[in-house]
Amino acid sequence: MSESLLSLDDLRVQYKLPGRGILTAVDGVSFDLKPKQVLGLVGESGCGKSTLARAVCGLEPIHSGGITFNGTPIRTLGMRTRPAELLRIQMVFQNPYASLNPRRTVGKQIEDGLRIHPQRDSWSVAGLLEEVELPAEAANRFPHQFSGGQRQRIAIARAIASGPDLLIGDEPIASLDASLQAKVAGLMRRLALESGASMLFISHDLAVVRTIADEIAVMSKGKVVELGTVEQVWRSPRDPYTQRLLAAIPAVDGLGTLPGLPED
Ligand SMILES: Nc1ncnc2c1ncn2[C@@H]1O[C@H](COP(=O)(O)OP(=O)(O)OP(=O)(O)O)[C@@H](O)[C@H]1O
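The residue count restarts for each chain, going from 1 along the sequence in the order it is written. Selection of residues for local features in this predicted model requires a pLDDT of at least 70, selection of side-chain atom pairs for listing and counting requires 80 or more, and totals for whole chains, interfaces and linings are taken over all residues.

Asks: Which residues make up the site of the ligand, and what values do they have?
Replies: For each residue, a C-beta atom is positioned from the backbone; the residue is called near a molecule or strand if that atom sits within 6 Å of it. Around the ligand lies a shell formed by Tyr15, Leu23, Ala25, Gly43, Ser45, Gly46, Cys47, Gly48, Lys49, Ser50, Thr51 and His204. The element contributing the most residues to the shell around the ligand is helix α1 (residues 49-56), with three residues. Only DSSP runs of H or I covering at least 4 residues are called helices, and only runs of E covering at least 2 are called strands; the numbering of each starts at the N terminus.

The structure is reproduced here in structure tokens:
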């Protein structure tokens with residue numbers, strides 16, 4: 001299938017600031033995400049990544065341009081509307097508490113997800129917990145009884161349970177121990193693709209993103225300044241901002257000697 005699952009066309013999202021000012025947080029962004037592809041969205045704090053993700057979920061007013069998901073335009077939907085189409089998008093946040101209910105057991109929350117599209121696949125609560133390397137008895141416990149890394153894996157299992165077409169990770173590894181970041185990012189990629197979803201993976205960490213993405217979009221001040229395959233962006237970045245990001249990766253001794261790309 002070569003059609004886009006998600007398509008952004010010259011998208012602009014603006015905020016009215018106190019007084020009469022306007023901030024253009026997303027400034028003319030266009031890209032396509034194909035089925036079963038992973039797009040890494042990278043950029044410094046405040047460049048508009050989360051605003052873009054929220055707009056894709058129908059949670060931000062679109063000033064101009066458009067977003068098409070599964071062939072349906074996503075317009076300003078407001079916080080209270082939750083059309084079926086948007087249930088096909090699941091988000092995993094930096095803080096796993098943002099996507100988990102502290103008062104429901106882990107098992108019940110994963111079950112809630114499984115009920116959304118029961119026909120989609122054959123995931124079970126125990127099977128999903130096993131996928132994220134947690135024992136089946138974790139189902140009987142509450143989110144606060146787990147470590148931050150475990151909670152994030154529970155949030156991933158819950159998101160996957162509902163069989164999304166698009167999994168969005170909004171800095172899902174930022175609060176994790178450095179030793180866990182690549183592992184959790186890899187887990188998200190594997191589970192998303194195994195369940196037939198695409199993934200938009202947002203991070204400021206280009207080094208981790210390149211290990212899991214098929215394509216990378218680099219954002220700066222609301223605009224996408226670079227878009228290409230991991231290979232293209234890694235080997236021959238065209239934008240000076242991307243070049244600076246690459247040069248800032250630790251253990252990189254100049255752009256000519258970047259660490260090798262991961263093996264398939
Ligand atoms: N509700 C809001 N009202 C006004 N300005 C906002 C609002 N939300 C975000 N902004 C501003 O929009 C810009 C983009 O913010 P956004 O959170 O999308 O950036 P980001 O790239 O996700 O940053 P971070 O990596 O720190 O989360 C910032 O200047 C931010 O201050």
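Okay, back to it.
Asks: I'd like a description of the sheet that holds strand β2 (residues 22-33), backed by residues and values.
Replies: Within a sheet, adjacent strands bond to each other through the backbone by hydrogen bonds, running parallel or antiparallel. The four strands lie next to each other as β2-β1-β4-β5, forming an open sheet whose pairing is antiparallel. Bordering the open sheet on either side are β2 and β5 (72-73), each of which pairs with just one other strand. Each pair of strands is called paired provided DSSP finds at least two bridges between the two strands. Sheet analysis places strand β4 (residues 64-69) next to β5, joined by two bridges and oriented antiparallel. For Thr68, the partnering residue across the bridge sits in β5 and is Pro73. Each of β1 (6-16), β2 and β4 touches α1; the most contacted strand, β2, lies at about 65° to it. For the purpose of contact definition, each residue receives a C-beta atom placed from its backbone, and two residues are in contact when these atoms lie within 7 Å. Inter-axis angles, ranging from 0 to 180 degrees, are taken between N-to-C directions of lines fitted to C-alpha atoms, where helices are fitted over the stretch in contact.

Asks: Tell me about the packing of helix α4 (residues 148-161) against helix α5 (residues 178-194), and name the residues and values.
Replies: Where α4 contacts α5, the two axes come as close as 11 Å, and the packing angle between them is 10°. In terms of their interaxial angle, α4 and α5 are classed as roughly parallel. Residues Gly149, Gln152, Arg153, Ile156 and Ile160 of α4 form the contact with α5, whose own contacting residues are Leu180, Val184, Leu187, Met188 and Leu191. Asp, Glu, Lys and Arg are counted as charged, while Ala, Val, Leu, Ile, Met, Phe, Trp, Tyr, Cys and Pro are counted as nonpolar; the rest, among them Gly, fall into the polar class. Per-class residue counts for the contact of α4 with α5 are seven nonpolar, two polar and one charged. If an angle is under 35 degrees, it is roughly parallel; if it is over 145, roughly antiparallel; if it lies from 65 to 115, roughly perpendicular; otherwise it is oblique.

Asks: I'd like a description of the sheet that holds strand β6 (residues 89-93), backed by residues and values.
Replies: Taken in spatial order, the six strands make up an open sheet running β6-β7-β8-β3-β9-β10, and their pairing is mixed. For this open sheet the edge positions go to β6 and β10 (223-229), each flanked by a neighbour on one side alone. Ignoring strand direction, the axes of neighbouring strands in this sheet form an average angle of 15°. Strand contacts of helix α8 (residues 240-247): β3 (38-43), β9 (215-220) and β10, with the helix running at about 105° to β9, the strand carrying the most contacts.

Asks: Which residues make up the nonpolar core, and what values do they have?
Replies: One broad trend across soluble globular proteins is that nonpolar side chains are buried collectively. The term nonpolar core means buried Ala, Val, Leu, Ile, Met, Phe, Trp, Tyr and Cys residues held together as one set by C-beta atoms within 7 Å. Exposure classes come from backbone-placed C-beta atoms, where a residue is buried if 20 or more other C-beta atoms lie within 10 Å of its own, exposed if 12 or fewer do, and partly exposed in between. Counting 73 residues, the largest nonpolar core has Ile156, Met188, Leu200 and Phe201 as the members making the most contacts within it. If you tally residues by element for this core, the top one is α4, at seven residues. Look past the residues within four positions of Leu200 in its chain and what remains in contact with it is Leu33, Leu39, Leu41, Ala53, Leu166 and Ile168.

Asks: Account for unusual backbone geometry, with residues named and values stated.
Replies: Positive phi outside glycine occurs at Asp10, with the angle close to 50°. Checked against the element boundaries, Asp10 lands in strand β1. Not every positive phi belongs to a glycine, and Glu171 is a case in point at roughly 55°. Mapped onto the secondary structure, Glu171 falls in the loop between β7 (166-170) and α5. Take Glu171: there are 19 C-beta atoms within 10 Å of it, and that puts it in the partly exposed class.

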